[in-house]
Amino acid sequence: MLGCTRHRCEKTHNIMKPAPFTYHDPSSLSDAVDLLARLDNARVLAGGQSLMPMINFRYAMPDHLIDLNNVSELAYLDCEGDVLRVGAMTRQRDLEFSAEVRSRCPVMTEALGHVGHRQTRNRGTLGGSLCHFDPSAELVNVTALLGGMLHAESKRGRRDIPMADFGAGYLTTDLSPDELLVGLTLPLPATGDGHAFVEFARRRGDFAIVACSALIGLDGDGNIGNAAIALSGLAHAPVRPASIERGLMGEKPAHAAFKAAAAEAGELDATEDAYTNAAYRRHLARVLTYRALERAAARALEKLNG
Amino acid sequence: MADSMADTRRIIVTVNGRTYARDVETRMTLVDFLRHDLDLTGTHVGCEHGVCGACTVLLDGRSARACLMLAVQCSGREVTTVEGLAVDEKLNSLQQAFQDNHGLQCGFCTPGMLMTLSEFLRDHPDPSESEVREVLSGNLCRCTGYQAIVAAALDAARRIREGA
């Protein structure tokens, strides 16, 4: 029996899914940046939950794979004052289960519940998700909602990139081939803000067709004092609809204001693909904006009445 | 690429408590390493892109997709596969609960289901049905409609709590 299995193995041994590459596993950021500057057609491997499928299917055929999993200096999570600093190699799981993130940035925790599944969040990283830059990725959405600042490093030095400038196109970021995303600084929402993250996907854990996150803060009179909305799935990068956010200011946090905002979200430009047309994406944008605002406002009210 | 040019490394990895030293091509995925190099064919290969969950194993006690990792990344680490669940050739409580509740039909997804639930029930010994359904959303089954799997998971949780 064993011998038989062995024989079969030898025959199939050369059947590898990934195309050949040279594997590098630097243990420091400076070594990683060095390799990235020096090697042609190199890809950076973080948690592997997006790149490994592409490599298995040979959509991606790098000559060199630079594995960051031993670069421990890139895995950290600090809540300090009113910002959250997260290393690019911080696992989604560690963000999801962080008590600090849950209390100071609950919209992140709520979003993480939609990121793949437990088994993929155990490996998947914040930086990997940001760099893969899927149009409906939850962590990209939350970074846009909070107006995060991304930190990149190369042999040429360090560069800070505001989230609004990070997207360069479909699945494409502003990073140069020799640049590595090393971390993210997220301004934390005000403690009184209510939050919500909602999305619609065909199956649990799939990428959303459209996702919407929102933050609502109430002023002393109980009216909306600040509002932020981020919509994913309409374009290659999340949309922050400034006119909708402005329109909510000073309004009562109730049906009429949410309905008007949702109607405007349903008029935004939307892309289409073979599976989902633009009209349906706009429909989802309208419905999800309403739900996100309603939930965020209810939570803000709860905090106000403490 | 000729074999002589292949990028290979020596890895030392502990699987189900036994330590193996092997030379592997760096592009070999963990699931192929388990199946082809170690003959541990209990871990199944389904979609090979991290969606179906059939290849789920525990890496240092945390569930992970073995198709989305390279064997070389597991050097110095501890992997648990479905072969590591039974104690002295006797099904453990989770496996027994699957058998008793008809939690499998064709059995293809079962190794992944068991590994996902091994981690989950260890960390959440008294889960609700919706929590079980949530964690199993990362494992696809095309036979059962999940009812019997969820029943088996809840039954297993009860047995483990009662020390069975």
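Residues numbered from 1 in each chain as written. Chains lettered and ligands numbered in written order. Predicted model: local features only at pLDDT ≥ 70, side-chain atom pairs only at ≥ 80, totals over all residues.

## Concerning the overall build of chain B
Check the secondary structure of chain B and you find five helices and five strands. Counting helices and strands in the order they occur from the N terminus, chain B gives β-β-α-β-β-β-α-α-α-α. Here chain B has a C-alpha radius of gyration of 16 Å; the compact-globule value for 164 residues is 15 Å, and the two agree. Summarising its shape, the C-alpha atoms of chain B cover approximately 55 × 30 × 25 Å along the three principal directions. (Helix = DSSP H or I, 4+ residues; strand = E, 2+ residues; numbered from the N terminus. Rg over C-alpha atoms; globule rule 2.2 N^0.38 Å.)

## Things to note about the overall build of chain A
Scanning chain A from terminus to terminus reveals twelve helices and 13 strands. Rg of the C-alpha trace for chain A: 21 Å, near the compact-globule value of 19 Å for 306 residues, within the 12% margin. Dimensions of chain A, computed from C-alpha atoms along their principal axes, come out at roughly 75 × 40 × 35 Å. Out of the 306 residues in chain A, the part that is buried amounts to 48%. (Buried ≥ 20, exposed ≤ 12 C-beta atoms within 10 Å, placed from the backbone.)

## A short note on the interface of chain A and chain B
Counting residues at the interface gives 28 residues for chain A and 28 residues for chain B. The element that contributes the greatest number of residues to the side of chain A that touches chain B is helix H1 (residues 2-12) of chain A, accounting for four residues. (Contact = placed C-beta atoms within 7 Å.)

## Examining the environment of Arg58 of chain A
Structurally, Arg58 of chain A is set in the loop between helix H3 (51-56) and strand E3 (64-67). C-alpha of Arg58 of chain A to C-alpha of Pro18 of chain A: the two residues are 40 residues apart in sequence and 6.1 Å apart in space.

## A look at the pairing of E3 of chain A
All names here are of chain A. Pairing analysis gives three bridges linking strand E1 (residues 22-24) to E3, with the strands arranged parallel. Bridge pairing links His24 to Ile66 in E3. Judged from the four bridges that link them, strand E2 (residues 42-45) and E3 form a sheet pairing that is parallel. Bridging across to E3, Val44 finds its partner in Ile66. Once the chain exits E2 it traverses H3 before rejoining the sheet at E3, and the crossover so formed is right-handed. (Pairing = 2+ DSSP bridges. Right-handed = clockwise from strand over helix to strand, strands pointing away.)

## Here we look at the packing of helix H3 (residues 110-123) of chain B against helix H5 (residues 147-161) of chain B
Residue and element names in this part refer to chain B. Between H3 and H5, the shortest axis-to-axis distance is 11 Å and the interhelical angle comes to 40°. Between H3 and H5, the angle falls in the class oblique. At the point where H3 passes H5, the crossing takes the right-handed sense. Across the interface between the two elements, Met113, Leu117 and Leu121 from H3 touch Ile149, Ala153, Ala156, Ala157 and Ile160 from H5. (Axes fitted to C-alpha atoms, helices over the stretch in contact; angles between N-to-C directions. Parallel < 35°, antiparallel > 145°, perpendicular 65-115°, else oblique. Left-handed = near helix turned anticlockwise from the far one by under 90°.)

## Thoughts on the sheet that holds strand E12 (residues 210-218) of chain A
Residues and elements named next belong to chain A. With respect to topology, three strands assemble into an open sheet ordered E11-E12-E13, the strand pairing being antiparallel. The sheet is open, and its two edges are formed by strand E11 (194-200) and strand E13 (224-232), each paired on a single side. For this sheet, the mean angle separating the axes of adjacent strands, direction not counted, is 10°. Note: E12 against E13, eight bridges, orientation antiparallel. Bridge pairing in E13 links Gly217 to Asn226. Where helix H12 (residues 278-304) meets the sheet, it contacts E11, E12 and E13, and its direction lies at approximately 30° from that of E12.

## Some remarks on the confidence of the model for chain A
Averaged over every residue, the pLDDT of chain A is 94; the share at 70 or more is 95%. Low pLDDT (under 50) marks residues 1-9 of chain A, which in the prediction has three contacts with non-local residues, meaning those over four places away or in another chain. (pLDDT = per-residue confidence, 0-100.)

## As for unusual backbone geometry
With a phi angle near 55°, Phe133 of chain A is a residue other than glycine that sits in the positive phi range. Here Phe133 of chain A shows up in the loop between helix H8 (126-132) and helix H9 (138-146).

## Topic: the domain arrangement of chain B
Residue and element names in this part refer to chain B. Assigned domains within chain B: domain 1 (3-84) and domain 2 (93-161). Here domain 1 and domain 2 have C-alpha centroids that lie 23 Å from each other. Taken residue by residue, the interface counts 13 residues in domain 1 and twelve residues in domain 2. Secondary-structure elements contributing two or more residues to the side of domain 1 that touches domain 2 are strand E3 (56-59) and strand E4 (62-65). With three residues, E3 is the largest single contributor of residues to the side of domain 1 that touches domain 2. For the side of domain 1 that touches domain 2, the per-class residue count stands at six nonpolar, six polar and one charged. (Domains from an automatic or database assignment. Nonpolar A, V, L, I, M, F, W, Y, C, P; charged D, E, K, R; others polar.)

## Looking at the sheet that holds E1 of chain A
The pairing of strands in a sheet happens through backbone hydrogen bonds and is either parallel or antiparallel. Residues and elements named next belong to chain A. Ordered in space as E1-E3-E2, the three strands form an open sheet in which the pairing is parallel. At either end of the open sheet lies a strand with only one pairing partner, and these are E1 and E2. Between one strand axis and the next, the sheet turns by 25° as a mean value, whatever way the strands run.

## Quick word on helix H2 (residues 93-100) of chain B
Residue and element names in this part refer to chain B. Those residues of H2 not exposed but buried are Ser93, Leu94, Gln95, Ala97 and Phe98. Considering only its buried residues, H2 is in contact with H3 and H5. One or two positions beyond H2, positive phi appears at His102, with a value near 55°.

## Some points on the nonpolar core
Residues and elements named next belong to chain A. With 136 residues, the main nonpolar core has Val210 and Ala214 as its most contacted residues. Take this core: its biggest share by element is nine residues, from H12. Setting aside its immediate chain neighbours within four residues, Val210 contacts Glu199, Phe200, Leu231, Ser232, Gly233, Leu234, Arg281, Leu284, Ala285 and Leu288. (Core = buried A, V, L, I, M, F, W, Y, C linked by C-beta atoms within 7 Å.)

## Focus: the domain arrangement of chain A
All names here are of chain A. When cut into domains, chain A gives domain 1 (72-187) and domain 2 (194-304). Each partner contributes residues to the interface: domain 1 has 19 residues there, and domain 2 has 19 residues. Within the residue set of the side of domain 1 that touches domain 2, elements represented by two or more residues are helix H6 (106-112), H9 and strand E8 (167-169). Counting residues per element, the side of domain 1 that touches domain 2 draws most heavily on H9, which supplies six residues.

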